[in-house]
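Here are the chains, one letter per residue:
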Amino acid sequence: MKHSFPPFLTTTLLFFFLTQISLVFSSTNSNLPLQLISLLTLKSSFHDHHNAFNDWDPTLAFSRPGSHIWCSWSGIKCDKKTNQITSLDLSKRNLSGIIPEDIRNLVHLHHLNLSGNALEGPLRTVLFEFRFLKTLDISRNSFNSTFPPGVSRLKSLTHLNAYSNDFIGPLPEEVVKLPTLEYLNLGGSYFTGVIPKSYGGFAKLKFLHLAGNKLAGPVLAELGFLKQLEHLEIGYQNFTGVVPAEFSSLSNLNYLDISLANLSGYLPVGLGNLTKLETLLLFKNHLLGTIPRSFGKLTSLKSLDLSDNHLTGTIPEGISGFKELTILNLMNNNLTGEIPQGIGELPNLEMLALWNNSLTGILPQRLGSNAKLQKLDVSSNHLTGPIPPNLCLSNNLVKLILFSNQFIGELPSSLANCTALTRFRIQNNRLNGSIPLGFGFLPNLTYLDMSKNNLSGPIPKDFGNAVKLEYLNISENSFNSELPDSIWSSPTLQIFSASYSDLIGNIPNFKGCRVLYKIELEGNNLTGSIPWDIEHCEKLICMDFRQNSLTGIIPWEISAIPSITEVDLSHNFLTGTIPSNFANSSTIENFNVSYNQLTGPVPSSGSIFSSLHSSSFIGNEGLCGTVIQKPCGTDGLAAGAVEVKPQPKKTADAIVWIMAAAFGIGLFVLIAGSRCFHANYSQQFSGDREVGPWKLTAFQRLNFTADDVLECLTMTDKILGMGSTGTVYKAEMPGGETIAVKKLWGKHKETIRKRRGVLAEVDVLGNCDESMSIIAGSYGYIAPEYAYTSQVDEKSDIYSYGVVLMEILSGKRSVEPEFGDGNSIVDWIRSKLKTKNGINDVLDKNAGASCLSVREEMMLLLRVAVLCTSRNPADRPSMRDVISMLQEAKPKRKLPGIVGAGDNAIAAIPLAQKANVEC
């Protein structure tokens, strides 16, 4: 029976074991005990979070000294004749700590693998003392500082993998002196400088991976001298210049990746001579010109990705001969002409991405006939003709993205039987005919957009059966039919849009409406009343029913929906009153009932209606109330008095007396309140106004005073709008300036909290410079160029997004006292990344930074955040690029990953990243 001991006892026993071993074997010349001592020292030096050393039990070694029990321990292999330890594999054990010096006693090691752990600190040079070592793998750890000297002593080394660590400084040149080295991976760290020229002198190197560092300068042309090289991966850098023509001499190369490396110039024609090449990745650079015809000789290619460049011309016909090709990504270029029809006959093609070019002609009609096609995206081109009929011949098609072209004809009925399909986007084409039955029964379909076509006929009833459908858009078509009764029944449907689609008939009852949060039905010919059971849509946020022919009353049940925010019922024929229940809603932000036939008072209680613009109610001659500045008659009810509940009948005289009494009391309260307010206001602001609570915080030299501002806060005709914290006034200053002034209101606790937040922001802004002319937004999120341009664009938003990403990763706010005066989180993180172990201070351990797999992903996301917050706006990526990088930050990136944004995401083979190690 196994027993577990408390930590202090385990340490004591281990010390006892080591002491006894030293006593027993001190008089012998055998070095076997030294191996045992080294192993136990190794075990005690590491923090074993998952008890990975549980089988390293030395007890038997004391009773049977010659048993060599350690040779049966996990991760250890011994020579069968000499019992010397030749292999030590401690990979993926979530170990942390420091490598002990006693490891040097394992003098006969041939293979040492410490990968996939959390080892940190400078790399110990004791690892360079194993003269028989052939493979050394320290990848996916957190070793930092510069790569230490001494590696050239490993004369037998053939395999060195230091991928994904935190090394800084220049690439180690000493590795060139390893005469038998065949595999070198120094990617995924923070090495800087240029690739040393000596790297062109490896005699036997077959694999070179330097990608994902911070290297600069030109791509080393001397790498073209490595005649044995089979794999070259050097992308994700900030190189300058072109793809060296010397690379055309790498006749044994089968993998070349220089993606996202800031390359420019033209594609070398000589690359067509690399007939053994299976993977060519040059995406996200600045390459110009045409795709050379010589590329037609690359018949061994399996993956070709030249996307996100500035390539022009046509797609070479020679690509039709790439019988091994599985991935072809040419999206986001300036390609023209037709797609070679032979591409549709490639027997192994799985993924084709040609979106965002200017391609014309018809889509190859035999696409999918190989029964292997998984993802097809040719959106945003000028393609015409019919959709190929066999795109999903063997139910492997997962994504079909064809939007923004000029496709014609009917939808192939076979697509409605494509059970693997998850996303189908064909909006903005010229397709006609009816929607085939069957899409509602597809078990994996989550996103379906058929908007902006010429589709007609009945809307399939099976949409209500879709088990995973989240988004359905059939807007801007010509159905001239009714909505099916079961349209709201899909258990996962969140967004339904059928605007301007010639819908007729009634809106179906909302029973079964579970997770819908947005319904768009505007611009149709819908009739009848709004079903009262809309309250079943308990997660509804936005409902847009405008520009129809709806009649009846406004259901008060709408106001009871917990999260309803936007309600647009304008341009219909609704009658009755606006239910006063809406005044009790705390979530509504926009409420538009203009151009109907509503009557009675607009509710004035609560804060909702008082903040709405009067245009939300125009076109209803029978409406009245203070909100629309139209007094209600004495024979009407007081504003806000209409409850949609059964009321007992009253006599006419009683009603008159009750209303007269209510009017009198209301008038008295109004007069008394006005006088009280006037008295307080006059007392507060008359005379010497500098003693009041008003404070003017200026961000620039001003030609007006606080008194000038106060003069404008009493004129109701100057109100621009109202928000949750106060009223915004238009104020004209004596010097001619026109400014907007926000007057904070109320004394409720929530209002005071919001007011303090606004004042705190003003206080912060009042401190980061007199040269700043204008500021909008919260300090810490504002792009630096705004200080001198006063302009915002997409790049400004990207900066703000990067700041938010930094907040998530660090667990800190955009502005913290610890950052120092005038510094934001961006400045703080940049300074930390320049210091030794600075990354450890940045990543939030509470967010998972202590877990290796999570930490790896956080580091990748941090690189995205740093790129988003580049000081030069031109250096910041587009949002599409950001999404692409976030996709690439997923674990297990050695598998084909995703490149692109949203539905334009088609698989490529991106930079290999750290493996996923479960915590």
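Residues numbered from 1 in each chain as written. Predicted model: local features only at pLDDT ≥ 70, side-chain atom pairs only at ≥ 80, totals over all residues. Heavy atoms only, no water.

- In the annotation of an unreviewed UniProt entry, the chain is listed under the name Protein kinase domain-containing protein and assigned to Anisodus tanguticus.
- Quoted verbatim from the Subcellular location (unreviewed entry) field of the UniProt record, the comment on the chain reads "Membrane". (UniProt positions renumbered as here; feature names shortened; annotations may be inferred.)

**Focus: the overall build of the chain**
Link 1 in the chain: Helix and strand counts for the chain come out as 12 helices and 46 strands.
Link 2 in the chain: Buried positions account for 48% of the 919 residues belonging to the chain.
Link 3 in the chain: Approximately 42300 Å² of the chain is accessible, and the part contributed by carbon and sulfur atoms is 54%. (Helix = DSSP H or I, 4+ residues; strand = E, 2+ residues; numbered from the N terminus. Buried < 20%, exposed > 50% of the residue type's maximum accessible area, 1.4 Å probe, protein only. Areas by Shrake-Rupley, 256 points an atom, 1.4 Å probe, with all protein chains shown as cover.)

**Thoughts on unusual backbone geometry**
Link 1 in the chain: For Asn51, which is not glycine, the phi dihedral falls at a positive 55 degrees.
Link 2 in the chain: Mapped onto the fold, Asn51 is located in the loop between strand E1 (46-48) and helix H3 (59-63).
Link 3 in the chain: In the Ramachandran plot, Lys452 falls in the positive-phi region, its phi being about 60 degrees despite a non-glycine side chain.
Link 4 in the chain: Tracing the backbone through its elements, the reader meets Lys452 in the loop between strand E30 (447-449) and strand E31 (454-455).
Link 5 in the chain: Lys452 gets classed as partly exposed once you look at its relative accessible area, which sits at 41%.

**Observations concerning the packing of aromatic side chains**
The geometry of an aromatic ring pair comes down to the distance between the two centres and the angle between the two planes.
Link 1 in the chain: Taken as a whole, this structure holds 15 aromatic pairs when the rule is applied.
Link 2 in the chain: Between Tyr199 and Phe202, the ring centres sit 5.4 Å apart and the planes meet at 75 degrees, which makes this aromatic pair edge-to-face. In this structure, Tyr199 and Phe202 share a single accessibility class: buried.
Link 3 in the chain: Taken together, Phe128, Phe147, Phe167 and Phe191 form an aromatic cluster joined through their ring pairs.
Link 4 in the chain: Looking at Arg423, its charged tip hangs above the ring of Tyr447, at a distance of 4.2 Å from the centre. (Phe/Tyr/Trp six-rings, centres within 6.5 Å; stacked < 30°, edge-to-face > 60°. Lys NZ or Arg CZ within 6 Å of the ring centre and 35° of its normal.)

**Looking at the sheet that holds strand E27 (residues 406-409)**
Link 1 in the chain: A sheet is described by the order of its strands in space; here 4 strands give the open sequence E25-E27-E29-E31, paired in parallel fashion. Looking at which strands have only one partner, the edges of the open sheet turn out to be strand E25 (384-385) and E31.
Link 2 in the chain: In the sheet, E27 pairs with strand E29 (residues 430-433) via 2 bridges, with the strands oriented parallel. The partner of Ile408 across the bridge, within E29, is Arg430. (Pairing = 2+ DSSP bridges.)

**Remarks on the state of the cysteines**
Link 1 in the chain: The full count for this structure, using the stated rule, is 4 disulfides.
Link 2 in the chain: Paired by a disulfide, Cys513 and Cys537 hold their sulfur atoms 2.1 Å apart. Residues Cys513 and Cys537 are joined through a disulfide that is right-handed, its torsion about the S-S bond being 125 degrees. On the criterion of sequence distance, the pair formed by Cys513 in the loop between strand E34 (504-506) and strand E35 (518-520) and Cys537 in the loop between strand E36 (525-527) and strand E37 (542-544) is long-range, its members being 24 residues apart.
Link 3 in the chain: Residue Cys537 is classed as buried on the basis of its relative accessible area, which comes to 1%.
Link 4 in the chain: Here Cys624 connects covalently by a disulfide to Cys632, the sulfurs 2.0 Å from one another. An S-S torsion of about 95 degrees defines the bridge between Cys624 and Cys632 as right-handed. (Disulfide = S-S within 2.5 Å.)

**As for the pattern of salt bridges**
Link 1 in the chain: If you walk through the whole model with that rule in mind, you get 13 salt bridges.
Link 2 in the chain: A single network of salt bridges, built from pairs that share partners, joins Glu101, Arg104, Arg124 and Glu129. (Salt bridge = Lys/Arg side-chain N within 4 Å of Asp/Glu carboxyl O.)

**Examining the sheet that holds strand E4 (residues 95-97)**
Link 1 in the chain: Strands sit in the order E1-E4-E6-E8-E10-E12-E14-E16 across an open sheet of 8 strands; the sheet is mixed. Whereas interior strands pair on both sides, the edge strands pair on one side only; in this sheet they are E1 and strand E16 (238-240). Averaged over neighbouring strand pairs, the angle between their axes works out to 20 degrees when direction is ignored.
Link 2 in the chain: Where strand E6 (residues 118-122) and strand E8 (residues 142-146) come together, 3 bridges link them in parallel fashion. In the sheet register, Gly121 faces E8, and the bridge partner there is Phe143. (Axes fitted to C-alpha atoms, helices over the stretch in contact; angles between N-to-C directions.)

**Some remarks on the side chain of Ser810**
Link 1 in the chain: Mapping Ser810 onto the fold places it in helix H8 (residues 794-810).
Link 2 in the chain: Accessibility expressed as a relative area gives 6% for Ser810, which makes it buried.
Link 3 in the chain: From its side chain, Ser810 meets the backbone oxygen of Met806 in a polar contact 2.8 Å long.
Link 4 in the chain: Reaching out from Ser810, the side chain makes a polar contact with the backbone nitrogen of Lys812 at a distance of 3.3 Å.
Link 5 in the chain: With near-sequence residues (within four places) excluded, Ser810 lies in contact with Ile825, Trp828, Val842 and Asp844. (Polar contact = N/O pair within 3.5 Å; in protein donor to acceptor, adjacent residues only side chain to side chain. Contact = heavy atoms within 4.5 Å.)

**A few points about helix H11 (residues 852-868)**
Link 1 in the chain: For H11, spanning 17 residues, the distance from its first C-alpha to its last is 24 Å, which sits close to the expected 24 Å at 1.5 Å a residue.
Link 2 in the chain: Where burial is concerned, most of H11 is hidden: 12 out of the 17 residues are buried.
Link 3 in the chain: Among the residues of H11, Leu852, Ser853, Arg855, Glu856, Met858, Met859, Leu860, Leu862, Val864, Ala865, Val866 and Cys868 are the ones counted as buried. (Expected span 1.5 Å × (residues − 1).)

**Topic: the confidence of the model for the chain**
Link 1 in the chain: Residue-level pLDDT values for the chain average 82, and 78% of them are 70 or greater.
Link 2 in the chain: Per-residue pLDDT stays below 50 along residues 904-919; that stretch engages in 86 contacts with residues further than four places along the chain or on separate chains. (pLDDT = per-residue confidence, 0-100.)

**Considerations on the environment of Phe132**
Link 1 in the chain: Tracing the backbone shows Phe132 in the loop between E6 and strand E7 (135-137).
Link 2 in the chain: The exposure class of Phe132 is partly exposed, given its relative accessible area of 29%.
Link 3 in the chain: Sequence spacing of Phe132 and Ser156 is 24 residues, and the spatial spacing of their C-alpha atoms is 5.8 Å.
Link 4 in the chain: Not counting residues within four places of it along the chain, the set of residues in contact with Phe132 comprises Val107, His108, Leu109, His110 and Ser156.

**Brief notes about H8**
Link 1 in the chain: Taking 1.5 Å per residue as the helical rise, H8 with its 17 residues ought to reach 24 Å, and the 24 Å between its terminal C-alpha atoms agrees with that figure.
Link 2 in the chain: Of all the positions in H8, only Ser796, Ile798, Tyr799, Gly802, Val803, Leu805, Met806, Glu807, Leu809 and Ser810 are classed as buried.

**Considering the pairing of strand E12 (residues 190-193)**
The side chains of a regular strand alternate between both faces of the sheet.
Link 1 in the chain: Note that strand E10 (residues 166-169) and E12 share 2 bridges and pair parallel. The residue bridging Ile168 from the neighbouring strand is Tyr190, located in E12.
Link 2 in the chain: Examined bridge by bridge, E12 and strand E14 (residues 214-218) share 2 bridges and lie parallel to one another. The partner of Gly193 across the bridge, within E14, is Leu215.

**Considering the packing of H8 against H11**
Link 1 in the chain: Running from amino to carboxyl end, H8 crosses H11 at an angle of 150 degrees, the nearest separation of the two axes being 8 Å. Classified by the interaxial angle, the pair formed by H8 and H11 is roughly antiparallel. In this structure, the crossing between H8 and H11 has a hand that is left-handed. Facing H8, whose interface residues are Ile798, Tyr799, Tyr801, Gly802, Leu805, Met806 and Leu809, H11 presents Met858, Leu861, Leu862, Val864, Ala865, Val866 and Cys868.
Link 2 in the chain: Here the contact of H8 with H11 is composed, by residue class, of 13 nonpolar, 1 polar and no charged. (Parallel < 35°, antiparallel > 145°, perpendicular 65-115°, else oblique. Left-handed = near helix turned anticlockwise from the far one by under 90°. Nonpolar A, V, L, I, M, F, W, Y, C, P; charged D, E, K, R; others polar.)

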